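Architecture and fold: a report
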Amino acid sequence: MPIDVSGMTATFIVATSRGASPTAAFSCSAVTSGSTVHCTIPAATGATFVGNTVYVYDVNLVDGSVNHTYLTGNVYVTDRVEVPT
């Protein structure tokens with residue numbers, strides 16, 4: 001059953017590692033709509049990611065004073081993607 005997240009505040013954080021002191025952390029865009037959370041890595045932020053690096057992310061939802069970790073995972077960055085000719 002879907003969860004209504006429309007009244008919650010969402011955050012989307014991408015970092016080089018988990019824990020209190022990652023080498024780099026990026027605050028990205030997260031917007032709630034009904035039962036959906038839309039997360040986006042802005043182009044300017046994505047351009048700073050280093051190729052052949054694995055980043056971690058958390059999507060958090062704040063409901064009043066309670067912070068819920070909604071989703072965690074990895075972002076895999078490659079050096080270059082080419083379209084076959």
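**With respect to the environment of Thr48**
- Structurally, Thr48 is set in the loop between helix H1 (43-46) and strand E4 (53-63).
- For Thr48, a relative accessible area of 46% puts it in the partly exposed group.
- For the pair Thr48 and Phe26, spaced 22 residues apart in the sequence, the C-alpha separation amounts to 9.7 Å.

**Overview of the pairing of strand E3 (residues 36-40)**
- The pairing of strand E2 (residues 25-33) with E3 spans five bridges and is antiparallel. Its bridge partner lying in E3, Ser33 is registered against Thr36.
- Connecting the antiparallel pair E2 and E3 is a turn made up of two residues, with Gly34 showing a positive phi of about 65°.

**Overview of the pairing of strand E1 (residues 9-15)**
- Bridge count for E1 against E4 is seven bridges, and the pairing is antiparallel. Note on E4: the bridge partner recorded for Thr11 is Asn60.
- Two strands pair when backbone bridges link them, and E1 and E2 are joined in this way by four bridges, in the antiparallel orientation. Following the sheet pairing, Ala15 is matched in E2 by Ala25.

What counts and how
Residues numbered from 1 in each chain as written. Predicted model: local features only at pLDDT ≥ 70, side-chain atom pairs only at ≥ 80, totals over all residues. Heavy atoms only, no water. Helix = DSSP H or I, 4+ residues; strand = E, 2+ residues; numbered from the N terminus. Buried < 20%, exposed > 50% of the residue type's maximum accessible area, 1.4 Å probe, protein only. Pairing = 2+ DSSP bridges.

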